[in-house]
Amino acid sequence: MYDVLIIGSGVSGASCAYMLSKYDLKVAVLDKSNDIANGTTKANSAIIHAGFDPSPDTLMAKLNVRGVELAREIAAKLDVPINNCGSLVLAFDEGDLEHIRKLYDRGCKNNVPGLELLDKEQLHALEPGISEAAVGALLAPSACIINPWEYCLAMLETAVVNGAELFLDTEVTGVTDCGDHVSVETNAGAFEAKYVLSAAGVHAGDVRRLVEEPPYEIVPTRGQYFLLDKDEGTRVSRTIFQCPNEKGKGVLVSPTVDGNLIVGPDANVGGADDTSTDKAGLDAIKEAAVKSVPGINFRMNIRNFAGVRANSDQSDFVIEKAAACPRFIDIACIKSPGLTAAPAIGEYVVEMLAAEGLSLAERDSYVDSRKRPRLGEVSEEERNRLIQEDPRYGRIICRCEQVTEGEIVAALHTPIPPTTINGVKRRVGSGMGRCQGGFCTPKVHEIIARESGVDMLEVCLEEPGSEILKYRSKENE
Amino acid sequence: MSEKKYELIVIGGGPAGLAAAHSAWENGLRSILIVERDKYLGGILNQCIHNGFGLHHFKEELSGPEYADRFIKLVNETGIEVMTDTMVLNVTPEHEVYVSNTDGVSVLRAQSVVLAMGCRERTRDSVGIAGTRPAGVYTAGSAQLYMNILGYSVGRKVVVRGTGDIGLIMARRMKLEGAEVLACIGASDHPDGLARNVNQCLVDYDIPLLLRHTITEIRGKDRVEQVVAMEVDEHRNVIPGTEKTFDCDTLLLSIGLIPENELSKKAGIPLDRRTSGAVVYENNETLVPGIFACGNVLHVHDLVDFVTEESIRAGKSAAEYVLGGGDAVGGSDGAAGGGAADGAASGGAGGTADGGAGRDADEPPLEITNGDNVKYTVPMMARLSALEKTLEIFFRVTKVFGEGSRVVVTQGDKKVASFKRPYMINSKMEKIKIPVKLLEGVDPADGPLVVRAEEGGAAHA
Ligand SMILES: Cc1cc2nc3c(=O)[nH]c(=O)nc-3n(C[C@H](O)[C@H](O)[C@H](O)COP(=O)(O)OP(=O)(O)OC[C@H]3O[C@@H](n4cnc5c(N)ncnc54)[C@H](O)[C@@H]3O)c2cc1C
């Protein structure tokens, strides 16, 4: 019997697991995918929003602002790449100026620190890459950029190190209220727990429906991006937003923590698992983005991708007990700024569980730190020390991002080891660069097979069915 | 940190690096190091197990590994040092080479450097193919590596995008492996590869060729299930309503190569937008004195034989530079001109009258540029006094030229040279050798030498 069972290993589920792992509890996390955070947490803008967007007095506003504080603490403790670069909302006309004044007021009500309205001159002095047409901006110095996937991994890995169990390839198919506990049926057998948290992202409604008809409707909304070469990464030094207009919410242009430039997203209502890109949408993003930053060279695009927002018919996050099953807490409608709010969501849910009567005794030995080798970032001495320890730290596998075999092997032996090419990529950055894995994929492939003791033919790019290879040479039937 | 200073460090152990190193040895250098990131020398040739290599250079038809092996043997017969399984992390304008391998990271020093890092393949994102991101999409090179080095096949029902030589050869390779190849698709109105490859790879194996089309979308969640091709107009814009879908499990992309000049940029070497490679002089020296470039890192070649020829020159030039005391000017204390800006003028020459480095330090270089119907030239600059018998210029035309066409070289209104060509095609590199005699009246001060291509007849005007 688990004390708490968490459905979903995205950033919402991971933060709950992390916050709960401080306490002497038996916690498990289930996910239907073969790796953690393969949903919305994998593909988004990666911005820790300052918090001037949500309406005051909403749960979203409160959790957003608290989330910023926690993100910086957690990132420092758990070795997550984060950059407190700040953000700007650009104004191009009188209507926009009006809008950013509103955002400023709202932000002040939400207790967002350091907000400032900039005039044209101040703006261009700060960001010379911005279009001359911009006449003012709202500066939010507390905004950050982060590696969202590693953020999620770091929290979940820390939970696992502190005793939480993770079950991947485990899809929840039924939930039964058993009075003093809940039984959760999956393709991999039943789990029993005193409390169940559902953090199923775009599938929140599907899971809630296993208990009762959800009081909300998730409207999966796909957003596409360009990720540009590092040579374009210095076009701007802050996250640049636009004001919403009749065409949409505007697109953002931002550096990433890896030094690339990210441009997007748009908004397309569609399937919950549809992460495809389309040319018309991408073209529209290009056109919108150069309004903010005219110099962007889209020929330096290295990857297009899309993520699906768990938008809904609700304006706020929905975090509540199910009426038909009080031991089931639904964490739903976690749209943007969900990544930002995540750790505050975890805190909030822990408070809810305490109020429900879950006893929270702190663990005697709690590990609240994490470190992974990053050869590209350490001093030459440290690098040589690591290579002495394991010569594979000297062998570079991904030439674009300069990821070493040692880092890949280390990742394959972490508490939440990857099993796929993309799983390795998300953990160490191999294949993230300009050649997009053209050179290193076969090498990473061999290392995974060797270290995990599986056949080359079994290694997948992503989910089962995405095997890279079809058959041994000369073995076609 | 070793205090040893090599006369030459060659970065890259493919055909370009091997030929350059060997040529430098032949021309008198005795302390040469080749640094290669792979575990073996030979570069991309190791996975090119088809034949067709060496017809020009060795006058016989070899496979890629055989061609590489000839040069590896030559190198092994010399005292050239080889460091494999070693990645170069950085090169400075002062010829310091930072490397990483299983022994650690260290800095090596040299009097001269030859850059021979080759190129990488363009990806689906660089040409904007939309859709899903399933398994089953490979660059031709990685599919080739999986098949020819690791012994696995990547798919059963294949569409190939790209009709260059690599695309054609991979289409045949998949077929030989038992896969069905539905089409080989190219955007221009003719295949980009050599005619013999079109015959030997597509015609002989009944592989359909689909021209004036491009792939616009990939479908399939976990594995490729379908690709969508659309017709393109002469400007390569897709024509709405021309979608054709192919049910396949694999898409091979052979859509172009990009010289890998990350290290060149770190060394402060100016690059040329047309070639994506370094700006070089007639002797393959870049604008950073003592650093030379050759092979696919300089500009993308179709034939390894041309790579060899160019690299032999680069190796010889490096030897001349070192033996002529070129490095002494920059100073072995590591201040070789301080970067790119003044490189054009100083050229790293030793300033010796007989030209140990073969040239006059103050000589203004002659600029060489592409004119009508020519995409680029290599070199982009020449120091006339350094030329021996000819000025050799590699270039590509922008379209197909038939019987009677010409390559015309002019300076201002003055015609300098003209060469007849029976046939020229944009996908095949061309070469002209201008005899030094014809350049006698050419003064760099009178403007650039322009290379242009003309249809038959026009040249008589
Ligand atoms: C285009 C876009 C841009 C965004 N930009 C930002 C931003 O800049 N800043 C910000 O703060 N937020 C941003 N967001 C929002 C943020 O990314 C999300 O709010 C956040 O990632 C949600 O995390 P989650 O854990 O709730 O959901 P997810 O990450 O989707 O995780 C849900 C998990 O549940 C699993 N699951 C579902 N059903 C089941 C089942 N039946 N059984 C087992 N497992 C199941 C899934 O496999 C998945 O792993 C953006 C979102 C998008 C799409």
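Residues numbered from 1 in each chain as written. Chains lettered and ligands numbered in written order. Predicted model: local features only at pLDDT ≥ 70, side-chain atom pairs only at ≥ 80, totals over all residues. Heavy atoms only, no water.

Enquirer: Go over the sheet that holds strand β29 (residues 449-454) of chain B, please, and point to the residues and values.
Expert: Paired through their backbone hydrogen bonds, the strands of a sheet run either parallel or antiparallel. Residue and element names in this part refer to chain B. Read across the open sheet, the five strands follow the order β24-β22-β29-β26-β27; overall the sheet is mixed. Edge strands, defined here as strands with exactly one partner in the open sheet, are β24 (381-382) and β27 (414-421). Looking at chain direction, strand β22 (residues 366-370) and β29 are connected through three bridges and run parallel. Its bridge partner lying in β29, Ile368 is registered against Leu449. (Pairing = 2+ DSSP bridges. Helix = DSSP H or I, 4+ residues; strand = E, 2+ residues; numbered from the N terminus.)

Enquirer: Let's hear about the domain arrangement of chain A: which residues, and what values?
Expert: When the parts of a complex come together, some accessible area is lost, and that lost area is often used as the size of the interface. Residues and elements named next belong to chain A. Per the domain assignment, the segments of chain A are domain 1 (1-81 + 146-217 + 313-371), domain 2 (82-145 + 219-308) and domain 3 (375-458). Averaged C-alpha coordinates put domain 1 and domain 3 at centres separated by 29 Å. On the domain 3 side, the residues contacting the twelve residues of domain 1 number eight residues. In this assembly, domain 1 packs against domain 3 so that about 860 Å² is buried in total across both faces, 61% of it on carbon and sulfur atoms. (Domains from an automatic or database assignment. Contact = heavy atoms within 4.5 Å. Buried area = accessible area lost by both parts, 1.4 Å probe.)

Enquirer: How would you explain the nonpolar core if you had to name every residue and give the values?
Expert: Leu197 and Ile319 of chain A are the most contacted members of the largest nonpolar core, which totals 56 residues. Here this core takes nine residues from helix α8 (residues 338-356) of chain A, the largest share from any one element. Not counting the four nearest positions on each side in its chain, Leu197 of chain A is found in contact with Val4, Leu5, Ile6, Ile7, Cys16, Leu20, Ile329, Ile331, Val349 and Leu353 of chain A. Counting residues in hydrophobic clusters, the runner-up holds 44 residues, among them Cys398 and Val403 of chain A together with Met147 and Leu252 of chain B. (Core = buried A, V, L, I, M, F, W, Y, C linked by side-chain atoms within 4.5 Å. Buried < 20%, exposed > 50% of the residue type's maximum accessible area, 1.4 Å probe, protein only.)

Enquirer: Now, about the pairing of β29 of chain B: what can you tell me, with residues and values included?
Expert: Residues in a regular strand project their side chains so that they alternate between the two faces of the sheet. Judged from the six bridges that link them, strand β26 (residues 405-411) of chain B and β29 of chain B form a sheet pairing that is antiparallel. Bridge pairing links Arg406 of chain B to Glu454 of chain B in β29 of chain B.

Enquirer: Tell me about the site of the ligand, and please be specific about residues and values.
Expert: Residue and element names in this part refer to chain A. Surveying the vicinity of the ligand reveals 36 residues, the closest of which are Asp31, Thr41, Ile47, Ile334 and Thr340. Measuring from an oxygen atom of the ligand, one finds a backbone N or O atom of Thr40 at 2.9 Å. Here an oxygen atom of the ligand sits 3.2 Å away from a polar atom, N or O, in the side chain of Asn44. For the shell around the ligand, the elements supplying multiple residues, two or more each, are α1 (11-20), β18 (301-312) and α8. The residue makeup of the shell around the ligand, split by class, is 13 nonpolar, 18 polar and five charged. (Near = heavy atom within 4 Å. Polar contact = N/O pair within 3.5 Å; in protein donor to acceptor, adjacent residues only side chain to side chain. Nonpolar A, V, L, I, M, F, W, Y, C, P; charged D, E, K, R; others polar.)

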